[in-house]
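Per-entry structural report
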Amino acid sequence: MKPAVLGMAVLFAATTALSAAEVAPGDVVFDEGAVAQSLTGVPGDPVNGRMVVASKKFGNCIACHTNDEMPDVAFQGEIGPNLAGVADRYSEAQLRGILVNADITFEDSFMPSFYRVDGYFRPGKRYTGKAADDTFGPLLSAQEIEDVLAYLMTLK
């Protein structure tokens, strides 16, 4: 019985340590638009990042950007620049900053701030006519930001 309890304690400690490493949206530190610190302390998964970029249910980056690496994805946008070679044009810290809050790097950008929760005029609750509350979270989770970043860093 004691090994099971010890195992649960180790698992709890590891989970707590991982969640403690996550940077909250309001605590992200920018340096001229760049964000050097990982939002999670966990390496991003480029495979999941590719899915987030292409998926209409997640980041839907492809709605505004073309991406030569995704010829299989239909209806690519032309509002933002082509993502081909993006890792050659920007550093990892710069790309993280753009994903978190593009307005800091590109004033009046059309790109959503994917990890921002304040400074918006929020709509009311859907179909209720009631004012919005503080239940709005970021568009992408901290790990999804790191995953998208890992994917973008493969585009050289």
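Before reading further, recall that the structure is shown in the block above.
Predicted, not measured: the structure shown is a model, and the values here were computed from it.

Here Ala34 shows up in the loop between α1 (2-21) and α2 (46-54). For the pair Ala34 and Leu99, spaced 65 residues apart in the sequence, the C-alpha separation amounts to 9.8 Å. Ignoring any residue separated from it by four or fewer positions in sequence, one finds Ala34 in contact with Val29, Ala93 and Gln94.

Within helix α6 (residues 142-152), nine of the eleven residues are buried, leaving the element largely enclosed by the surrounding structure. Three or more residues of α6 are buried, namely Ala142, Glu144, Ile145, Glu146, Asp147, Val148, Leu149, Tyr151 and Leu152. Turning to α6, the residues buried within the fold contact α2, α3 (86-89) and α4 (92-100).

Moving on, we come to the packing of aromatic side chains. Counted by the stated rule, this structure contains one aromatic pair. Measuring from ring centre to ring centre gives 6.4 Å for Tyr90 and Phe106, while their planes differ by 90°; the resulting arrangement is edge-to-face. Remark: Phe106 occurs in the loop between α5 (102-105) and α6 and Tyr90 occurs in the loop between α3 and α4; sequence separation between them is 16 residues.

In this section: unusual backbone geometry. A positive phi angle is found at Asn60, which is not glycine, with a value near 50°. By the secondary structure assignment, Asn60 is in the loop between α2 and α3. Taking the relative accessible area as the measure of exposure, Asn60 reaches 23% and is therefore partly exposed. In this structure, Asp108 is a non-glycine residue whose phi angle is positive, near 60°. You can see Asp108 is positioned in the loop between α5 and α6. Look at Asp108 and you get exposed, because its relative accessible area is 65%.

Note on pairing: side chains with opposite charge can pair once their charged atoms come close. Tallied over the entire structure, the rule returns five salt bridges. The residue Arg50 makes a salt bridge to Asp72 at a minimum N-O spacing of 3.4 Å. Of this pair, Arg50 sits in helix α2 while Asp72 sits in the loop between α2 and α3, placing them 22 residues apart in sequence. When its relative accessible area of 58% is taken as the criterion, Asp72 is described as exposed. Across the pair Asp103 and Arg116 runs a salt bridge whose closest N-O atoms are separated by 3.7 Å. Taken together, the residues Asp103 in helix α5 and Arg116 in the loop between α5 and α6 connect sequence positions 13 residues apart. Each of the salt bridges in this network shares a partner with another, and the network as a whole consists of Arg50, Glu69 and Asp72.

About the cut-offs
All chains use their own residue numbering, which begins from 1 and follows the written sequence. Selection of residues for local features in this predicted model requires a pLDDT of at least 70, selection of side-chain atom pairs for listing and counting requires 80 or more, and totals for whole chains, interfaces and linings are taken over all residues. Derived side-chain values reflect all non-hydrogen atoms in the structure, with water molecules and hydrogen atoms excluded from consideration. Only runs of H or I of at least four residues qualify as helices and only runs of E of at least two qualify as strands under DSSP, and these elements are numbered from the N terminus. The contact criterion used is simple: two residues touch if any of their non-hydrogen atoms lie within 4.5 Å. Per-residue accessibility, obtained with a 1.4 Å probe over protein chains only, is compared with the maximum for each type, and a residue is labelled buried under 20%, exposed over 50%, and partly exposed between these values. Between rings of Phe, Tyr and Trp, where Trp is taken as its six-membered ring, a pair exists when centres lie within 6.5 Å; planes separated by under 30 degrees are stacked, by over 60 edge-to-face, and by other angles tilted. Salt bridges, as used here, are contacts in which a Lys or Arg side-chain nitrogen is within 4 Å of a carboxyl oxygen on Asp or Glu.

Without other data, these values stay purely geometric and don't point to any function.
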